Amino acid sequence: MRTIDHLIAGNPGAAAGRQSDVFDPNTGQVQARVSLGTQADLDRAVAAAQAAQPAWAATNPQRRARVMFKFKELVEANIDALAHLLSSEHGKVIADSKGDIQRGLEVIEFACGIPHVLKGEYTQGAGPGIDVYSMRQPLGIGAGITPFNFPAMIPLWMSGVAIACGNAFLLKPSERDPSVPVRLAELMLEAGLPEGILQVVHGDKEMVDAILDHPAISAVSFVGSSDIAHYVYRRGVDAGKRVQAMGGAKNHGIVMPDADLDQVVADLSGAAFGSAGERCMALPVVVPVGDKTADALREKLLPAIRSLRVGVSTDNDAHYGPVVNAAHRQRVENWIQTGVDEGAELVVDGRGFQLQGHEEGFFIGPSLFDRVTTDMQSYKEEIFGPVLQIVRAPDFETALRLPSEHQYGNGVAIFTRNGHAAREFAARVNVGMVGINVPIPVPVAYHSFGGWKRSAFGDVNQHGMEGVRFWTKVKTVTQRWPDGSALPGGSEDGGPSRIQDAFVIPTMG
């Protein structure tokens, strides 16, 4: 059986030790095993990073950008193979896998402009004969701990900016679908990245803790559930690291009475059920304003949900594929039962779904709840599956309060034709990313990604200029080349002599 090993100093391999099963979610069968690393594996990777990073940081930004350009070209040339590999371990359909890769590549495109974005600031004449300038310098060694649901996009979000800024980067991907991150690192080496600058170490909590505690790692970026994000943030900060830790979500879609319901239903079909709901920017809660809106929306949703095709990841006609493993399928089905026990109306039940010929696959049909209330645990927590909940609101103010008061604050959307309502909502809602008639408001790569409240721990967002700020430190230089006054006769070497006045801070006159 195939073994997926680390990629350290440009070479695959791992010491004999613990391994974890990697499943094919379409069949339910184990298709590979991934090595679970130890402190010794991490130490080897850190040593390789320490040896390679100073020369990489000294490489001018144009040359670093050329590696990014070449890497982008290689990923695009291999996107079909990468998408099939991704789908075989995650389960999302090929179109979603290509989208996963493409959204990551958009951050690489941003990183190709690193010579421009690394330009510092300069002030001439800040004081008498004094100039001040700042420069952004790499932190040294950074690390990324990434989740199973986007095994290409999120590693590229983190590593692309970190490496372009001159850092070495250690990637610990999810052990559930680890092959694509390794393949991306191999393509980065093929693009000309020096060995030791991008390395992949696999593992579970033991590896996570080793990364958080290692004194040579300066910064850690994490995406995962909120409880673990909080743990990563606190442990990393206690170890003196810079940490950004993105957590869970419960994104809401507010539907105003004037919204185009046909468009809303089309948007919800993809945003709530696409990728089997396994994404932090999914839209699992819809909030129609007024019972009339709610009844009309529900009526339109039912045929749309029943028409969704659940299939294997290679089925070009499938809207979504299986979830990642059996444990996650059981978790989602448990949440559906919780909703029933709490008194929500289960309109469509996706439990027990089996795909003919793939009865052992990890499939779940789409589910729809109505009359969900805010005191229900199934509303408060992230389900992370193909489950849509209708929470009815009597008016705009109530609809605004729902996402604003929820423990998560990742994304939110409002569907309306009313510009004033949209503007008011965007300004007042207590959520980090807002969509106006956009169901999944993931910002483009040259803006930044990040939520509020328990959706994010740390002060700096992912990618864009926020990513550059996270992966660099600012050094400010104040310089003085005083003219002085030439003395008669000059100096002994024939040059002008200077009268050295005592230095006075410019603001002191």
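Some remarks on the side chain of serine 221
Line of reasoning, step 1. One can find serine 221 in strand 11 (residues 219-223).
Line of reasoning, step 2. If near-sequence neighbours (up to four positions away) are discounted, serine 221 is found in contact with Ala143, Gly144, Ile145, Met158, Gln244, Gln462 and Trp471.

Let's talk about the packing of aromatic side chains
Line of reasoning, step 1. In this structure the tally under the stated criterion is 8 aromatic pairs.
Line of reasoning, step 2. Taking the centre distance of 5.9 Å and the plane angle of 75° together, the rings of phenylalanine 23 and phenylalanine 362 count as edge-to-face. Here phenylalanine 23 is found in strand 4 (residues 19-24), whereas its partner phenylalanine 362 is found in the loop between strand 15 (345-348) and strand 16 (367-370), with 339 residues between them in sequence.
Line of reasoning, step 3. Judged by its relative accessible area of 27%, phenylalanine 23 is partly exposed.
Line of reasoning, step 4. Note on phenylalanine 362: relative accessible area 5%, which makes it buried.
Line of reasoning, step 5. Aromatic pair tryptophan 157 and phenylalanine 449: ring centres 4.9 Å apart, planes at 50°, arrangement tilted. Linking tryptophan 157 in helix 6 (residues 153-164) with phenylalanine 449 in the loop between strand 20 (433-436) and strand 21 (452-453), this pair joins segments that are 292 residues apart in sequence. Pair check on accessibility: tryptophan 157 and phenylalanine 449 agree, each one buried.
Line of reasoning, step 6. Through a chain of ring-to-ring contacts, the aromatic side chains of Phe169, Phe470 and Trp471 assemble into a single cluster.

Structural notes on the pattern of salt bridges
Line of reasoning, step 1. Enumeration according to the criterion identifies 29 salt bridges in this entry.
Line of reasoning, step 2. In this structure, the salt-bridge partner of arginine 33 is aspartate 21, at a minimum N-O distance of 3.1 Å. One end of the pair, arginine 33, is in strand 5 (residues 29-35); the other, aspartate 21, is in strand 4, and 12 residues separate them in sequence.
Line of reasoning, step 3. Arginine 469 is the partner of glutamate 466 in a salt bridge, and the nearest nitrogen-oxygen pair spans 3.2 Å. Here arginine 469 and glutamate 466 lie together in helix 16 (residues 464-470), a separation of 3 residues that amounts to about one turn.
Line of reasoning, step 4. Shared partners join several salt bridges into a network, and the residues in it are Asp291, Asp295, Arg298, Glu345, Asp370, Arg371 and Arg392.

Notes on the layout of surface pockets
Line of reasoning, step 1. A volume near 950 Å³ is recorded for the largest pocket.
Line of reasoning, step 2. For the largest pocket, the lining is made up of 36 residues, of which Arg176, Phe222, Gly224, Ser225 and Ile228 are closest to its centre.
Line of reasoning, step 3. Among the elements that make up the lining of the largest pocket, the one with the highest residue count is helix 9 (residues 226-238) (5 residues).
Line of reasoning, step 4. By residue class, the composition of the lining of the largest pocket is 14 nonpolar, 12 polar and 10 charged.

A look at the sheet that holds strand 7 (residues 130-138)
Line of reasoning, step 1. Strand order in the open sheet formed by 3 strands is 6-7-23, and the pairing between neighbours is antiparallel. Only two strands of the sheet have a single neighbouring strand rather than two, namely strand 6 (122-127) and strand 23 (472-480). When strand polarity is set aside, the average angle formed by the axes of neighbouring strands in this sheet is 30°.
Line of reasoning, step 2. As paired strands, strand 7 and strand 23 are joined by 9 bridges and run antiparallel to one another. Each bridged residue has a counterpart across the sheet, and for methionine 135 the counterpart in strand 23 is lysine 475.

Topic: helix 6
Line of reasoning, step 1. The first and last C-alpha atoms of helix 6 sit 16 Å apart over 12 residues, in line with the 16 Å expected at 1.5 Å per residue.
Line of reasoning, step 2. With its phi angle positive at about 105°, glycine 166 sits one or two positions after the end of helix 6.

Re helix 10 (residues 261-273)
In an α-helix there are 3.6 residues to a turn, and that puts residues three or four apart on one side.
Line of reasoning, step 1. Under the 1.5 Å per step criterion, the end-to-end length of helix 10 is 17 Å for 13 residues, consistent within 8% with the ideal 18 Å.
Line of reasoning, step 2. When helix 10 is considered as a whole, its buried residues turn out to be Leu261, Val264, Val265, Asp267, Leu268, Ser269, Ala271, Ala272 and Phe273.
Line of reasoning, step 3. Those residues of helix 10 that are buried are in contact with strand 13 (252-255), strand 14 (285-288), helix 11 (291-306), strand 16, strand 17 (387-390) and strand 19 (411-415).
Line of reasoning, step 4. Capping the start of helix 10 is the job of one residue whose side-chain oxygen sits 3.2 Å from the backbone nitrogen of aspartate 262: aspartate 260.

Cut-offs applied
Residues numbered from 1 in each chain as written. Predicted model: local features only at pLDDT ≥ 70, side-chain atom pairs only at ≥ 80, totals over all residues. Heavy atoms only, no water. Helix = DSSP H or I, 4+ residues; strand = E, 2+ residues; numbered from the N terminus. Contact = heavy atoms within 4.5 Å. Phe/Tyr/Trp six-rings, centres within 6.5 Å; stacked < 30°, edge-to-face > 60°. Buried < 20%, exposed > 50% of the residue type's maximum accessible area, 1.4 Å probe, protein only. Salt bridge = Lys/Arg side-chain N within 4 Å of Asp/Glu carboxyl O. 1 Å grid on protein atoms, 1.4 Å probe; cavity = no way out; pocket = protein on both sides within 12 Å on 5 of 7 lines; lining within 4 Å. Points joined across faces, edges and corners; volume = space filled by probe spheres on them. Nonpolar A, V, L, I, M, F, W, Y, C, P; charged D, E, K, R; others polar. Pairing = 2+ DSSP bridges. Axes fitted to C-alpha atoms, helices over the stretch in contact; angles between N-to-C directions. Expected span 1.5 Å × (residues − 1). Polar contact = N/O pair within 3.5 Å; in protein donor to acceptor, adjacent residues only side chain to side chain.

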